[in-house]
Amino acid sequence: MPQTTHYRICPLCEACCGLEIKVQDGAVTHIRGDANDPFSQGYICPKAVALKDLHDDPDRLRTPLIKRNGRHEPATWDEAFAEIARRLQTLQAAHGRHAVAVAVGNPTVHKYGLMSYFPKLARVLGTRNVFSASSLDQVPKQLSCGLMFGHWMTVPVPDISRTQLLVVIGANPLASNGSMWTVPDFKGKAKALQARGGRLVVVDPRRTETAAVADAHHAIRPGADVFFLAAMVHTLFANGWERLGAVSEWVAGVEDVRRAVSAFTPEAVAVRCGIAADTIVELTRALAHTERAAVYARIGTCTQTFGTLASWLVDVLNVLTGHLDVPGGVMFPKAAAFASNTLGTSGSGRGIATGRHASRVSGAPEVMGEQPITCLAEEIETAGQDQVRALITVATNPVLSAPNGPRISRALASLDFMVSVDIYLNETTRHADVILPGLSPLQDDHFDMMFAQLSWRNHARYSAPVLPLEDRPAEWQILLKLAAIAQGQPADVDVNAIDDAQFAKDVQRQFGPHADTVLQATQGLSGPQRLLELVLRTGPYGDEFGRKPDGLTLAKVQAASSGIDLGELQPRVPELLRTPSGKIELAPPALLADLPRAWADLQTPAPELVVIGRRDVRSNNSWMHNLPLLAKGPMRCTALVHPSDAARLQLQAGKLARISNASGQIEAQVEISADMMPGVVSLPHGWGHDLPGSQLTLAAQRPGVNLNVLLDDSQRDPLSGNAVLSGVAIQIQPIL
Ligand SMILES: Nc1nc2c(c(=O)[nH]1)N[C@H]1C(S)=C(S)[C@@H](COP(=O)(O)OP(=O)(O)OC[C@H]3O[C@@H](n4cnc5c(=O)[nH]c(N)nc54)[C@H](O)[C@@H]3O)O[C@H]1N2
Ligand SMILES: Nc1nc2c(c(=O)[nH]1)N[C@H]1C(S)=C(S)[C@@H](COP(=O)(O)OP(=O)(O)OC[C@H]3O[C@@H](n4cnc5c(=O)[nH]c(N)nc54)[C@H](O)[C@@H]3O)O[C@H]1N2
Ligand code: SF4
Ligand SMILES: [Mo]
């Protein structure tokens, strides 16, 4: 058979790089960057090449598994769904809807079948117990932006191609390739910034790969970002440097912010931050006096007890230095499809709400319709009305990825019933009674639903399947079947018919008299692809079903194999605001009310030794350690320790050390590194592949240790419910 060439975006991280994939005789022969992709311009990292290993991995599940007498055995799809119907429906009838929980994880966002159909499953289940990896990650940023701009996904990103000063706080895009900011080849873009005379400044407890290419690096004590940022805002006001620039007409609450940060002087926070007061003032001065400047902060600033406050203060700085919504500052992308901030009435809206219900055991407030994943174990363990007795996981591995993994593991083992939609038998899914495997990304089509909303440049790219489909359900069909079963339908119900009926009903409701035109235009399509056609054509660049002939349709996007460039980011205020006031709310009351907690914390001493996380370009959270291309090379699960701490604690490079605290203990190999801030140890997460019952042959050979054993699942940011993953107190001692 002749070689064929295919184009798709990489589904492994938020950078969404365009790939060129060559296939011969049904097998992938080459994966490289697509040089014609207008968005990623040929850039890729080593993980993309490992997509071939993922597709070929003998451990990747291709058939459902049912657990019988403690062992997972292959089963047919009919058997698997029948088993689920029998057990799930009985449980629901006996214990009610909240007894069934769902947990959804990171890869979901990279597979539009999962992403577009998971909400349907959660809605049908009607359970309060919805959990996701978002509460280990970015909810604080979404909450602060939701309160300020009116929608959860209205998050500004640096306009990197035009800025002259970029301040990066608690992010390491050289390893992570960016997050809540889709920016392939960050390094190349940073170099271009420097070449035009601009500066990159990094604030991070470790001199990271990103800090190493920056013009300045300031080491900050973990968890101190809220103080550092509040002092910068204070400094702006103290010197009269604040200016609102282009959005001045639309900003409310400036004076409230001024009052709220009045005590946070640079001198008051310097020791706690580990950054001199003069440095804080100078960085503020540079931001205020550089016409095109942007502050970007990511997971290091979110996964701490003041995550929402820190996330908020970042954008307060951007607004008060006149850098919001202007070229070279931070701007709002405009996605071609699936963006809620392009829907509804322009200029104002309902805003966001949290706390519509509380978790049963800890009373944690609901955020984005979810409860913190750190509440999952207690909801399973604690007897009483609405106790969780069954769980459906979708692409998530909380046993490794969430704090107090051993407790989650014990809780999962105690469930009456568990179903996992997952491609591996791993640390989490080994507890499932039924595992339903999704297709390899190379067999699925894709259109990114989230990251065009966070992209450095506007674009629309469709990815067709690279390899032929196997005769088994796509992930959207699996989720729809689970939803139908949860609604009491028999296991052999026709999900395609359900999908057709639901789509027709939704279109009737949305388009009234024009519904027939829409249904006709989408004939022959199904599932997420049909939704895509609908939202593309009715979206901000759409053809409105023929009314704007130059506009986008699915066919046009599909025809552009490397994607369609929709240009540089454009100002969007006030059009995108959805706050009830129609203003940018600079001083949301819930956030001001949390500042005294930060002030009180500032008065208490910080722990002497803490642990923080780390990402490596050849690893991806907890699930890619089984791929030969990525697993080779030096061990990456090591504890980085500053030479002064190593000397003080008698730790030796290459030797094991015991790291412990009240939550637990682990043994990790020490690596001595002057890149660390003294008093801070760094360890990656997502390791610990030595649990019995998993089927990860290669990963088990070098399992590493699970950082999350040391993290306390009761520690959360009270506003967002986000877990505290950084700056956790530890002791470390040599194992002699
Ligand atoms: N200490 C510490 N912990 C952390 C973090 C940290 O920085 N420090 N980071 C946190 C963050 S940001 C995140 S997002 C979470 C991630 O945590 P999770 O959301 O749990 O994601 P992963 O660990 O990546 O596990 C992904 C799961 O999806 C499965 N999977 C992979 N591809 C597919 C697919 O195509 N279909 C299906 N159905 N399943 C698939 C994998 O087998 C695996 O079970 O971890 C968090 N945990
Ligand atoms: N190669 C690779 N890429 C990934 C992932 C992966 O696991 N591997 N995971 C993906 C996911 S799910 C996400 S969410 C993104 C995350 O993307 P990033 O946010 O860029 O994540 P990290 O690389 O962990 O960088 C976080 C930085 O915060 C620093 N830090 C820790 N604590 C603090 C603190 O208290 N204050 C400050 N200022 N800094 C602190 C750490 O030293 C680290 O350098 O990456 C994504 N991309
Ligand atoms: S940076 Fe690497 S993993 Fe991320 S999308 Fe690009 S190629 Fe894939
Ligand atoms: Mo994440």
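Relevant structure appears above.
## Side note on the overall build of the chain
- Helix and strand counts for the chain come out as 26 helices and 29 strands.
- The C-alpha radius of gyration of the chain comes to 25 Å, within 12% of the 27 Å expected for a compact globule of 736 residues.
- Counting only C-alpha atoms and orienting by the principal axes, one finds that the chain spans roughly 70 × 70 × 60 Å.
- Classification of the 736 residues of the chain by burial places 61% in the buried group.

## Digging into the environment of Gly542
- On the secondary structure map, Gly542 appears in the loop between helix 21 (527–538) and helix 22 (554–559).
- By relative accessible area, which is 4% here, Gly542 ends up buried.
- For Gly542, the residues in contact, after removing those within four places along its chain, are Leu536, Arg537, Lys548, Gly551 and Leu552.

## Points about the side chain of Thr308
- Tracing the backbone through its elements, the reader meets Thr308 in helix 14 (residues 307–320).
- For Thr308, the contacting residues outside a window of four places in its chain are Pro140, Leu143, Ser144, Leu591, Asp717, Leu719 and Ser720.

## Side note on the packing of helix 11 (residues 266–273) against helix 12 (residues 277–289)
- Between helix 11 and helix 12, the least distance of the axes is 8 Å, while the angle of their chain directions is 110°. On the basis of their axis angle, the class for helix 11 and helix 12 is roughly perpendicular. Together, Pro266, Glu267, Val269 and Ala270 of helix 11 and Ala277, Ile280 and Val281 of helix 12 make up the contact between the two elements.

## Details of the site of ligand 2
- Around ligand 2, 31 residues are found, and the nearest of them are Ser176, Asp204, Asp225, Ser619 and Ser726.
- At 2.8 Å, a side-chain N or O of Arg615 approaches a nitrogen atom of ligand 2.
- The set of elements that each furnish at least two residues to the shell around ligand 2 consists of helix 6 (173–176) and helix 13 (299–302).
- Looking at the shell around ligand 2 residue by residue, the classes come out as 10 nonpolar, 14 polar and 7 charged.

## A look at the site of ligand 1
- In the neighbourhood of ligand 1, 27 residues make up the surrounding shell, with Asn397, Ser401, Asp422, Glu475 and Ser622 lying closest.
- Asn106 has a polar backbone atom sitting 2.8 Å from an oxygen atom of ligand 1.
- In isolation ligand 1 has 910 Å² of accessible area, and contact with the protein removes 97% of it.
- Considered class by class, the residues forming the shell around ligand 1 number 12 nonpolar, 10 polar and 5 charged.

## So, helix 3 (residues 77–95)
- With 19 residues, helix 3 should reach 27 Å at 1.5 Å per residue; the first-to-last C-alpha distance of 27 Å fits that figure.
- Turning to helix 3, its buried residues are Trp77, Ala80, Phe81, Glu83, Ile84, Ala85, Leu88, Leu91 and Gln92.
- Positive backbone phi, approximately 90°, marks Gly96, located one or two places after helix 3.

## What about the nonpolar core?
- If you look at the biggest cluster of nonpolar residues, it comprises 97 residues, and the most contacted ones within it are Leu166, Phe227, Phe228 and Leu320.
- In this structure Phe228 touches Ile169, Val203, Ile220, Cys273, Ile275, Ile280 and Leu283, once residues within four positions along its chain are discounted.

## Regarding the packing of helix 9 (residues 225–238) against helix 12
- Across the interface, helix 9 lies against helix 12 with an axial gap of 9 Å and an inter-helix angle of 60°. When the axes of helix 9 and helix 12 are compared, the pair comes out oblique. When the axes of helix 9 and helix 12 are compared, the crossing they make is right-handed. Facing Phe228, Ala231, Met232, Thr235 and Leu236 of helix 9, the residues of helix 12 in contact are Ile280, Val281, Leu283, Thr284, Leu287 and Ala288.

## So, the state of the cysteines
- Going through the model one piece at a time under the given rule, you end up with 0 disulfides.
- Residue Cys145 stays outside any disulfide, its sulfur separated by 9.4 Å from that of Cys302, the closest cysteine.

## Comments concerning the packing of aromatic side chains
- Inspection of the entire model under this criterion finds 9 aromatic pairs.
- Ring geometry for Trp181 against Phe186: centres 5.9 Å apart, planes inclined by 85°, an arrangement best described as edge-to-face.
- Taking relative accessible area as the criterion, Phe186 reaches 1% and is therefore assigned buried.
- Considering the side-chain rings of Phe264 and Trp599, the 5.2 Å spacing of their centres and the 85° angle between planes classify their relative orientation as edge-to-face. Of this pair, Phe264 sits in the loop between helix 10 (254–260) and helix 11 while Trp599 sits in helix 24 (residues 595–602), and the two are 335 residues apart along the sequence.
- Among the residues examined, Trp599 registers a relative accessible area of 31% and is labelled partly exposed.
- Cluster of aromatic residues (ring-pair linked, three or more members): Trp181, Phe186 and Tyr296.
- Above the ring of Tyr117, the side-chain terminus of Lys120 is found at 5.0 Å from the ring centroid.
- Directly above the aromatic system of Phe503 lies the positively charged group of Arg530, at a separation of 4.5 Å from the ring centroid.

Rules used in this analysis
Residues numbered from 1 in each chain as written. Chains lettered and ligands numbered in written order. Predicted model: local features only at pLDDT ≥ 70, side-chain atom pairs only at ≥ 80, totals over all residues. Heavy atoms only, no water. Helix = DSSP H or I, 4+ residues; strand = E, 2+ residues; numbered from the N terminus. Rg over C-alpha atoms; globule rule 2.2 N^0.38 Å. Buried < 20%, exposed > 50% of the residue type's maximum accessible area, 1.4 Å probe, protein only. Contact = heavy atoms within 4.5 Å. Axes fitted to C-alpha atoms, helices over the stretch in contact; angles between N-to-C directions. Parallel < 35°, antiparallel > 145°, perpendicular 65-115°, else oblique. Near = heavy atom within 4 Å. Polar contact = N/O pair within 3.5 Å; in protein donor to acceptor, adjacent residues only side chain to side chain. Nonpolar A, V, L, I, M, F, W, Y, C, P; charged D, E, K, R; others polar. Areas by Shrake-Rupley, 256 points an atom, 1.4 Å probe, with all protein chains shown as cover. Expected span 1.5 Å × (residues − 1). Core = buried A, V, L, I, M, F, W, Y, C linked by side-chain atoms within 4.5 Å. Left-handed = near helix turned anticlockwise from the far one by under 90°. Disulfide = S-S within 2.5 Å. Phe/Tyr/Trp six-rings, centres within 6.5 Å; stacked < 30°, edge-to-face > 60°. Lys NZ or Arg CZ within 6 Å of the ring centre and 35° of its normal.

These figures come from the coordinates and say nothing about function on their own.
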